[in-house]
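# Fold and contact review
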Amino acid sequence: MRKILSFAFAVIMIFGFSAAAGAQSTVLKVAMDADPVSLDPHVQLSGGMLQYSHMVFDPLVRWNQDMSFAPRLAFKWERVDALTMRFYLRRDVKFHSGNTLTAKDVQWTLERLKKSQDFKGLFEPFESAKIVNDYTIDLVTKKPYALLLNMATYIFPMDSQFYTGTDDNGQPKDAIVKIGPSFALTHESGTGPFIVTEREQGVKTVFERFGDYWDKNCPGNVYQMVLSPIKKDATRVAALLSGDVDFIMPVPPQDYERIKSHIGSQLVAMSGSRIITFQLNQKRRPEFQDPRVRQAIVYAINNRGIVKKIMKGVATTAAQQGPRGFDGFNAECVPRYDVAHAKKLMAEAGYENGFECTMIAPNNRYVNDEKISEAVVSMLAKINIKVNLKTMPKAQYWDEFDAQVADIQMIGWHPDTEDSANYSEFLVMCPNKETGYGQYNSGNYCNARVDELVLASQSETDLKKRSAMLQEVEKILYDDAAFVPLHWQNLSWAGKKGMDIKAIVNVQNFPYFADLVVK
Amino acid sequence: MFAFIVRRITQSIVVMLIIGFIGFAIKHEIGDPVRDIVGISVSVAERDALREQLGLNDPFLVQYGRFVYNALHGDLGYSFFFKKPTTEVILAKAPATLELVFVSALIIILVSIPTGIFAAIYPRNWFSRLTMGASIVGVSIPVFLTAILLIYLFSVELGWLPSYGRGQTVNIHGWHSGLLTKDGLIHLILPSIALSSIMLPLFIRLIRSEMMEILETEYIKFAWAKGLRRRRIWLLHAFKNTLLPVITVGGVQIGVMIAYTILTETVFQWQGMGFMFLEAVERSDTSLIVAYMVFVGALFVVVNTVVDIIYGLVNPTVRIVGSK
């Protein structure tokens, strides 16, 4: 009898343990093209670092798929006056160190953001953070600022107590160090769903779910996540198909069909907001000062064809800077491709015999960047513009771009603010060394009305009015052919079947892995 | 012998100084490291301040002088990406590469010697003809293609072997070895086959032609006439003399193989020096690039010295210069 009992007990134990383990121990192996460069979220502003921030830290608010805002550490917010937004913080939020989140941490984080070389530009409009009480904080801007909530998605409160003091080298723990050792580079204490338990830079990072995570309604069941960088596209796809990893991003366009047709894997794609353009330098070429020539070039380039043939449909043809869903999206601006009309415009401008000019493009920065520029060269040959193209790796490209060494230069842009005005501020506003506007405007397009509208949009808090302003900007740029729009790159993710990838991805490309449900 | 080694060390220091100088001279052409450590929207003024802080604005000779001074103190600079001393980064990555090269060299030796000898003795045998035919194909397929084909066949289609990385490693005093665990060894199979595929055909053909030549010589004919056993003639009399040119070529080719690890490691996401170097070029992590070049230069000198010593052991008629 005792034997039977102990046997039964053993069986129950085994089943009980394995059932518990099954529910808890979902391990997700993720392969990305790169891994986070640091554990300090403020050391570099890049897609990879923001993806990391969403795993280990939590923002005040975050983006929903439909570009609205979801409450996170702030459960409620309200505008107090034109300059001030009040955020009410949750009271049940713990940091990984065990400390409790208070308004002081938010204030401390904002001050640190304003010191970060990468983020200080974005947080320039902010005056200060005023603590109302332990769980209420006011963010005050210098001028009325329309994008305050967009910026709140970048405020990932850090544990002020944890990062205060000096480390073994006598360096302050909160120092933002780009090169060289620092406390924050290798230690983290955020409020996010995952804790970094192991990190070997460039090899793998291991995340484990934080036991005291405040969001008890979080549907995800990933207990441990192993992030490995796999640089080469073909290897990353092979790792997914062979089952070595469960989730990959980004997915190279040439492998979409392979992943779709493979039993056991799935692909999720979404139109993105990175616009690929060419800029026509008016300072170098008097021809480009004539709007008819610029229009002729836009008419001559078959960007639908490029999307179809070169991008294999994995992009959205563009005729303006911001995609559908952005405030400035203007439905009137549609892609135009008409070689006959382009030839007519060239003749009107007096260039029916064309001219010769130069072009540069990177060859490892954007998807198919080299092939796209080659296609554009052959398209421009049809309106007698002979283009001498030079492509180069991105490590060398940006210095050449800034020096404006060629007449036509390629640039892609994704707005850090997720807002239409950001494109204009960097790409088409009159270049101005003092204000920093037009930093990447190598076309030297300059239109006082565009500058005026974009600047006014910054402090316009009536979203309808603001939207109208930004749409007007897009229309002016379209009519002026200020630049050559090609397409917005699509975003893509792939994983094993049985996980709900659609629910966790968004146009910002910050997959919320904590919410991932793996069946 | 001692004088020989001392002379080699002196030479290697000169070699490394020259490599360092060349590396320094071209590093400005590789790109601007500051671009890679800041976001794209960071202002020009901020970037300039950072460049100044890193000492990248100093004149070339000042930078080179500082580099040599620090290098003599054992400091090859700081990696911009890894945020660690470059020597530390390279030493951490070196075991992966050395193990890969070691296993590939083992495959080459174990496969090329029997195959080459067999093909020389029985040139008309179907197996010899097949290997010769296959070696032409093998030598003309680029290594990254071989690597991708191997991944697709053995990982994706058959699912037998892992597609990337080193698997589980054991830490022996800082040397992370994949040779001691089953998982690590399984991960080694595909990369080492891919890497050996470049040299294997070459060595089979080399051994075959050298051996065939020697089998025609007078002393082999004399050995036959003496009535020695076949095995003794082939393996002792003929093969030993075949080895001399093979060792010379082998010494040079090990260096080439280290260069080829750059491609193999990238395809397999193998965390070695070659992969690290390619990444460093892409990120314009210039201090790491220069340190890698100096390190590989030193490695070449060591390999060549060892080959020279082995050569002297195999062929006593050759005296190493400087040894009495």
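Below is a short write-up of the structure. (Residues numbered from 1 in each chain as written. Chains lettered and ligands numbered in written order. Predicted model: local features only at pLDDT ≥ 70, side-chain atom pairs only at ≥ 80, totals over all residues. Heavy atoms only, no water.)

## A few points about the overall build of chain B
Inclusion rule: Helix and strand definitions here come from DSSP, where helices need a minimum of 4 consecutive H or I residues and strands a minimum of 2 consecutive E residues; each element is numbered from the N-terminal end. Contact definition: two residues touch when any of their heavy atoms are within 4.5 Å. To be clear on the numbers: accessible area is Shrake-Rupley with a 1.4 Å probe, and residue cover counts the displayed protein chains and nothing else.
Regarding its fold elements, chain B presents 12 helices and 2 strands. For chain B, the sequential pattern of α-helices and β-strands runs α-α-α-α-α-α-α-β-β-α-α-α-α-α. For chain B, the spread of C-alpha atoms along the three principal axes comes to 85 × 60 × 35 Å. Within chain B, contacts between residues at least 6 apart in sequence are counted, and of these 70% link residues at least 24 apart. When the accessible surface of chain B is totalled, it reaches about 16200 Å², and 69% of it is carbon and sulfur.

## Structural notes on the packing of aromatic side chains
All names here are of chain A. Just so we agree on the cut-off: When two rings of Phe, Tyr or Trp (its six-membered ring) have centres within 6.5 Å they constitute a pair, described as stacked for plane angles under 30 degrees, edge-to-face for angles over 60, and tilted for the intermediate range. Relative accessibility thresholds used throughout: buried, under 20% of the residue-type maximum; exposed, over 50%; partly exposed, between the two (1.4 Å probe, protein chains only).
Under the counting rule described, the total for this entry stands at 38 aromatic pairs over all chains. Centre to centre, the rings of Trp398 and Phe401 are 5.4 Å apart; their planes meet at 65°, and the pair counts as edge-to-face. Taken as a pair, Trp398 and Phe401 lie in helix 12 (residues 394-403) at a separation of 3 residues, close to a single helical turn. Exposure remark for Trp398: the relative accessible area of 9% places this residue in the buried category.

## Some words on the state of the cysteines
Residues and elements named next belong to chain A. To be explicit about the condition: Note that a disulfide, as used here, is simply two cysteine sulfur atoms within 2.5 Å.
By the definition in use, this model includes 1 disulfide over all chains. Put simply, Cys430 and Cys446 are joined by a disulfide, and their sulfur atoms are 2.0 Å apart. One disulfide, between Cys430 and Cys446, carries an S-S torsion of 95° and so falls in the right-handed class. Residue Cys430 is located in the loop between helix 13 (420-427) and helix 14 (448-459), and its partner Cys446 is located in the loop between helix 13 and helix 14; the two are separated by 16 residues in the primary sequence.

## So, the pattern of salt bridges
All names here are of chain A. Worth spelling out the cut-off: Throughout this description, the term salt bridge denotes a Lys or Arg side-chain nitrogen within 4 Å of a carboxyl oxygen of Asp or Glu.
With the rule as written, the count across this model stands at 32 salt bridges over all chains. Of the charged contacts in the structure, one is a salt bridge between Arg285 and Asp407, with a shortest N-O distance of 3.3 Å. Here Arg285 is found in the loop between strand 12 (265-280) and helix 8 (291-300), whereas its partner Asp407 is found in the loop between helix 12 and strand 16 (408-413), with 122 residues between them in sequence. Given a relative accessible area of 15%, Arg285 falls into the buried group.

## Observations concerning the packing of helix 13 of chain A against helix 14 of chain A
Residue and element names in this part refer to chain A. Operational definition: Lines fitted to C-alpha atoms define the axes, with helix axes restricted to the stretch in contact, and inter-axis angles between N-to-C directions lie between 0 and 180 degrees. Every angle not falling under 35 degrees, over 145, or within 65 to 115 is termed oblique; those three ranges are roughly parallel, roughly antiparallel and roughly perpendicular. By definition, turning the near helix anticlockwise from the far helix through less than a right angle yields a left-handed crossing, and turning it clockwise yields a right-handed one.
Packing of helix 13 against helix 14 brings their axes to within 10 Å, and their N-to-C directions diverge by 135°. By the criterion of interaxial angle, the relationship of helix 13 to helix 14 is oblique. Where helix 13 crosses over helix 14, the two elements pack in a sense that is left-handed. Counting all contacts with helix 13, which are made through Ala421, Ser424 and Glu425, the residues of helix 14 involved are Val454, Ser457 and Gln458.

## Some thoughts on the environment of Gln271 of chain B
The cut-off we apply is this: N or O atoms closer than or at 3.5 Å make up a polar contact, with two conditions inside protein: a donor-capable atom paired with an acceptor-capable one, and, for residues adjacent in sequence, both atoms drawn from side chains.
Relative to the helices and strands, Gln271 of chain B resides in the loop between helix 10 (230-267) and helix 11 (273-282). The sequence separation of Gln271 of chain B and Phe82 of chain B amounts to 189 residues, and the corresponding C-alpha distance is 13 Å. Every residue in contact with Gln271 of chain B, bar those within four places of it in the chain, is listed here: Gly202 and Val203 of chain A together with Lys93, Ala96 and Arg166 of chain B. There is a polar contact of 2.7 Å between the side chain of Gln271 of chain B and the backbone oxygen of Gly202 of chain A. Within polar-contact distance, the side chain of Gln271 of chain B engages the side chain of Lys93 of chain B at 3.5 Å.

## Quick look at the nonpolar core
To be explicit about the condition: Only buried residues count toward a nonpolar core. Its members are Ala, Val, Leu, Ile, Met, Phe, Trp, Tyr and Cys residues joined through side-chain atoms within 4.5 Å.
Leu60, Phe87, Phe123, Leu139, Phe207, Met225 and Phe513 of chain A are the most contacted members of the largest nonpolar core, which has 99 residues in total. No other element matches the 7 residues that helix 12 (residues 286-314) of chain B contributes to this core. When residues no more than four places from it in sequence are discounted, the contact partners of Leu60 of chain A are Pro71, Arg72, Leu73, Ala74, Phe87, Leu89, Val106, Leu139, Ala152, Ile155 and Pro157 of chain A. By size, the runner-up hydrophobic cluster in this structure holds 71 residues, among which are Ile360, Met392, Leu427 and Leu486 of chain A.

## A look at unusual backbone geometry
Residue Met249 of chain A is joined to Pro250 of chain A through a cis peptide bond whose omega torsion reads -10°. In this structure, Pro250 of chain A sits in the loop between strand 11 (247-249) and helix 7 (256-261). Non-glycine residue Gln404 of chain A carries a positive phi angle of around 50°. For Gln404 of chain A, the location among the structural elements is in the loop between helix 12 and strand 16. A positive phi angle, near 50°, is found at Gln269 of chain B, a position not held by glycine.

## Here's the deal with helix 2 (residues 47-56) of chain A
Residue and element names in this part refer to chain A. Burial analysis of helix 2 places 8 of its 10 residues in the buried class, the great majority of the element. Within helix 2, the full set of buried residues consists of Met49, Leu50, Gln51, Tyr52, Ser53, His54, Met55 and Val56. Looking at the buried residues of helix 2, the elements they touch are strand 1 (26-32), strand 2 (61-63), strand 8 (194-200), strand 9 (204-209), strand 10 (222-229) and strand 11.

## Comments concerning the sheet that holds strand 7 (residues 136-141) of chain A
Within a sheet, adjacent strands bond to each other through the backbone by hydrogen bonds, running parallel or antiparallel. Residue and element names in this part refer to chain A. Put simply, the rule is: Strand pairing is defined by DSSP finding a minimum of two bridges between the two strands.
The antiparallel open sheet is built from 4 strands, whose spatial order is 4-5-7-6. The two strands at the open ends of the sheet, each matched to only one other strand, are strand 4 (74-81) and strand 6 (126-133). Each strand of the sheet is rotated relative to its neighbour by a mean of 20°, with strand direction disregarded. Most of the contacts of helix 3 (residues 103-115) go to strand 6, to which it runs at about 170°, and overall it touches strand 5 (84-89), strand 6 and strand 7.

## Digging into a nonpolar patch on the surface
All names here are of chain B. The criterion, for reference: By definition, no residue in a patch forms a salt bridge, and every one has over 30% relative accessible area; like charges are joined within 9 Å, nonpolar side chains (Val, Leu, Ile, Met, Phe, Trp, Tyr) within 5 Å.
A surface patch of nonpolar side chains, about 490 Å² in accessible area, is lined by Val137, Ile141, Phe144, Leu145, Leu149 and Leu263. Of all the elements, helix 7 (residues 143-157) adds the most residues to the nonpolar patch, at 3 residues. One can find Ile141 in the loop between helix 6 (126-140) and helix 7.

## Considering the interface of chain B and chain A
Short version of the rule: Buried area counts how much accessible surface, traced with a 1.4 Å probe, disappears from two parts once they are put together, with both parts' losses summed.
Taken residue by residue, the interface counts 45 residues in chain B and 44 residues in chain A. Together, Ile40, Lys83 and Tyr164 of chain B form the three largest contributors to the area buried by chain B at its contact with chain A, with a combined 18%. Inspection of the chain B/chain A interface yields 5 salt bridges. Across the salt bridge formed by Arg258 of chain A and Glu157 of chain B, the nearest N and O atoms sit 3.5 Å from each other. Here chain B is connected to chain A by 15 residue pairs in polar contact (both at pLDDT 80 or more).

## Regarding the pairing of strand 7 of chain A
Residues and elements named next belong to chain A. Along strand 7, 6 of the 6 residues are buried, which leaves the element largely enclosed by surrounding structure. Burial along strand 7 is two-sided: Thr136, Asp138 and Val140 and Ile137, Leu139 and Thr141, pointing in opposite directions, are all buried. Across 5 bridges, strand 5 lies against strand 7 in antiparallel orientation. By the bridge assignment for strand 7, Tyr88 is matched with Thr136. Where strand 6 and strand 7 come together, 6 bridges link them in antiparallel fashion. Note that in strand 7 the partner of Ser128 across the bridge is Val140. Once strand 6 ends, the chain turns through 2 residues before running back antiparallel as strand 7.

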